[in-house]
Amino acid sequence: MRVKLWGTRGSLTTPKSPAEIEARTREILYGFLNSGGNQLSDVEPYLRTLTPCHFGGFGGETICVEVSTKQQQIVIDSGSGIRSLGYELMKGKCSQGQGELHLFYTHFHWDHLAGLPFFVPLFVPGNKIHIYAVQSELPEIFRTVFQKPYFPLTLEQVDAKLEFHILKPRQPFQLGDLSITPYRLDHPDPCWGYRIEADGKVFSHCVDNEMKRFTREALGEDLPLYQGIDLAVMDAQYSLFESMEKVNWGHGSAVGC
Ligand SMILES: [Zn+2]
């Protein structure tokens, strides 16, 4: 199983300010000189020693997560990160109207939804997009997103064929070789995490989540989301101090995880 984070930021996208870009550029230039570089031909080899986070930092786009195996692919949430995923998908079947995609939602706060109208595969006739959530108002929410004056197109004008699926809480849903089970998270407005199993591995997607319940008893029927997992995406929106200031806002800190 492969997990790719196309967006990780909570609440708002975070484009870099000119001051932040200047600071990064300075850091890279100092690093170049410290590495012994002093001519043009040293530049490319030095840049190849750096990782993407040296240039752009971490995060920036709001949440969108791709989970895939050799035979199945799903996407969780459509924050602004889904825009880049859309361009990637357009290199394949989606560009010919032969794509079939599976998009799961945790909840519908703006940071999990805002990239949806900019997801290019939606606008290619022939593509089929399955949309899943526990929340039964799912079709109405999509109708709200695609309407004037918020967006120039209505849901009827979206070219891809959309199919909505309402999931049952805490019951596994099988899609190819992926077993996907929604569990309730601690967040204002209902929000559901996903335990995803395939290839003998378990991935838990636990965002947004304040983690107010942290004993077995308190977690009760939602405990399996956190048990026997190989990898988890957790909510670390706040510093420890912020999390104490913002009780009941629905987010956690890295220390809380
Ligand atoms: Zn939220």
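Residues numbered from 1 in each chain as written. Predicted model: local features only at pLDDT ≥ 70, side-chain atom pairs only at ≥ 80, totals over all residues. Heavy atoms only, no water.

A short note on the environment of Tyr 238
Stated precisely, the cut-off is as follows: Helix and strand assignments come from DSSP, with helices taken as H or I runs of at least 4 residues and strands as E runs of at least 2, each series counted from the N terminus. Buried means the residue's accessible area, taken with a 1.4 Å probe over protein chains only, is under 20% of the maximum for its type, while exposed means over 50%, and partly exposed covers the values in between. The criterion used for residue contact is that any of the two residues' heavy atoms lie within 4.5 Å.
Note on placement: Tyr 238 falls in the loop between strand E11 (231-234) and helix H7 (240-245). Exposure remark for Tyr 238: the relative accessible area of 8% places this residue in the buried category. Between the C-alpha atom of Tyr 238 and that of Asp 186, which follows or precedes it by 52 residues, the distance is 15 Å. Those residues in contact with Tyr 238, other than ones at most four positions away along the chain, are Ser 243, Lys 246, Trp 249, His 251, Gly 252, Ser 253 and Ala 254.

As for the sheet that holds E11
In a beta sheet, neighbouring strands are held together by backbone hydrogen bonds and run either parallel or antiparallel to one another. Going by this rule: Strands pair, by our definition, only if DSSP identifies at least two bridges between them. Geometry is summarised by axes, namely lines fitted to C-alpha atoms with helices restricted to the contacting stretch, and by angles between N-to-C directions that run from 0 to 180 degrees.
Read across the open sheet, the five strands follow the order E7-E8-E9-E10-E11; overall the sheet is mixed. Because the sheet does not close on itself, it has two edges, and the strands there are strand E7 (173-175) and E11. With direction set aside, neighbouring strand axes in the sheet form an average angle of 20°. Sheet analysis places strand E8 (residues 178-184) next to strand E9 (residues 192-198), joined by six bridges and oriented antiparallel. By the bridge assignment, Ile 180 is partnered in E9 with Ile 196.

With respect to the packing of aromatic side chains
Threshold: Two rings from Phe, Tyr or Trp (for Trp, the six-membered ring) form a pair when their centres are within 6.5 Å of each other. A pair whose planes differ by under 30 degrees is stacked, one over 60 is edge-to-face, and the rest are tilted.
In the structure shown here, the tally under the stated rule is 10 aromatic pairs. With a centroid separation of 4.2 Å and 10° between ring planes, the pair formed by Phe 104 and Tyr 132 is classed as stacked. Residue Phe 104 is found in strand E4 (residues 100-104), and its partner Tyr 132 is found in strand E5 (residues 128-133); the two are separated by 28 residues along the sequence. There is no split in this pair, since Phe 104 and Tyr 132 are both buried. Their ring planes at 65° and their centres at 6.4 Å tell us that Phe 104 and Phe 173 sit as a pair that is edge-to-face.

Thoughts on the nonpolar core
Our working definition: Take the buried residues of types Ala, Val, Leu, Ile, Met, Phe, Trp, Tyr and Cys, join any two whose side-chain atoms come within 4.5 Å, and each joined set is a nonpolar core.
Of all hydrophobic cores here, the largest spans 28 residues; its most connected members are Tyr 105, Leu 116, Phe 142 and Phe 146. Of all the secondary-structure elements, those providing two or more residues to this core are helix H4 (82-89), E4, E5 and helix H5 (138-145). With near-sequence residues (within four places) excluded, Tyr 105 lies in contact with Asp 77, Ser 78, His 112, Leu 113, Leu 116, Ile 131, Tyr 132, Ala 133, Gln 135, Leu 138, Phe 142 and Tyr 194. Grouped together as the second largest cluster of nonpolar side chains are 19 residues, Val 65, Val 134, Ile 180 and Tyr 194 included.

Considerations on the pattern of salt bridges
Rule in force here: Criterion for a salt bridge: a side-chain nitrogen of Lys or Arg within 4 Å of a carboxyl oxygen of Asp or Glu.
Throughout the structure, instances matching the rule amount to 12 salt bridges. A salt bridge links Arg 48 to Glu 44; the shortest N-O distance between them is 2.6 Å. Residue Arg 48 and its partner Glu 44 are both found in helix H2 (residues 40-48); the two are separated by four residues, about one turn of the helix. For Arg 48, a relative accessible area of 58% corresponds to the exposed category. Close ionic contact of Arg 143 with Glu 156 constitutes a salt bridge, the shortest N to O distance being 2.6 Å. Residue Arg 143 is located in helix H5, and its partner Glu 156 is located in the loop between H5 and strand E6 (161-166); the two are separated by 13 residues in the primary sequence.

Observations concerning the sheet that holds strand E2 (residues 64-68)
The strand order E1-E2-E3-E4-E5-E6 describes an open sheet built from six strands, whose pairing is mixed. Strand pairing shows two members of the sheet lacking a second neighbour, strand E1 (2-7) and E6, which therefore form its edges. On average, each strand axis in the sheet is inclined to that of its neighbour by 20°, with strand direction left out of account. Direction of pairing for E2 relative to strand E3 (residues 73-76): antiparallel, over a ladder of four bridges. Across the sheet, Ser 68 pairs through a bridge with Gln 73, a residue of E3. The strands touched by H5 within the sheet are E5 and E6, with E6 carrying the most contacts at an inclination of about 140°.

A short note on the coordination of the zinc ion
In a perfect tetrahedron of four donors around a metal, the angles come out at 109.5 degrees. In a perfect octahedron of six, they are 90 or 180 degrees. Inclusion rule: Note that water is not among the atoms used; donors are N, O and S atoms within 2.8 Å of the metal (3.2 Å for Na, K and Ca), so sites may look incomplete. Geometry is assigned from the angles between donors: four donors with all angles from 85 to 135 degrees make a tetrahedral site, four or six donors whose opposite pairs exceed 155 degrees while the rest stay between 65 and 115 make square planar or octahedral sites respectively, and everything else is labelled irregular.
Listed as protein donors to the zinc ion are His 107 (NE2), His 109 (ND1), His 187 (NE2) and Asp 208 (OD); their distances from the metal cover 2.1 to 2.3 Å. One way to put it: the four donor atoms around the zinc ion meet at angles of 92 to 170°, and that makes the site irregular. Spacing between the donor residues of the zinc ion along their common chain follows H-x1-H-x77-H-x20-D. Residue His 109 is found in the loop between E4 and E5, and its partner Asp 208 is found in the loop between strand E10 (201-206) and helix H6 (216-219); the two are separated by 99 residues along the sequence. Of the residues examined, Asp 208 reaches a relative accessible area of 3% and is grouped as buried.

As far as function goes, none of this settles anything; it's purely spatial.
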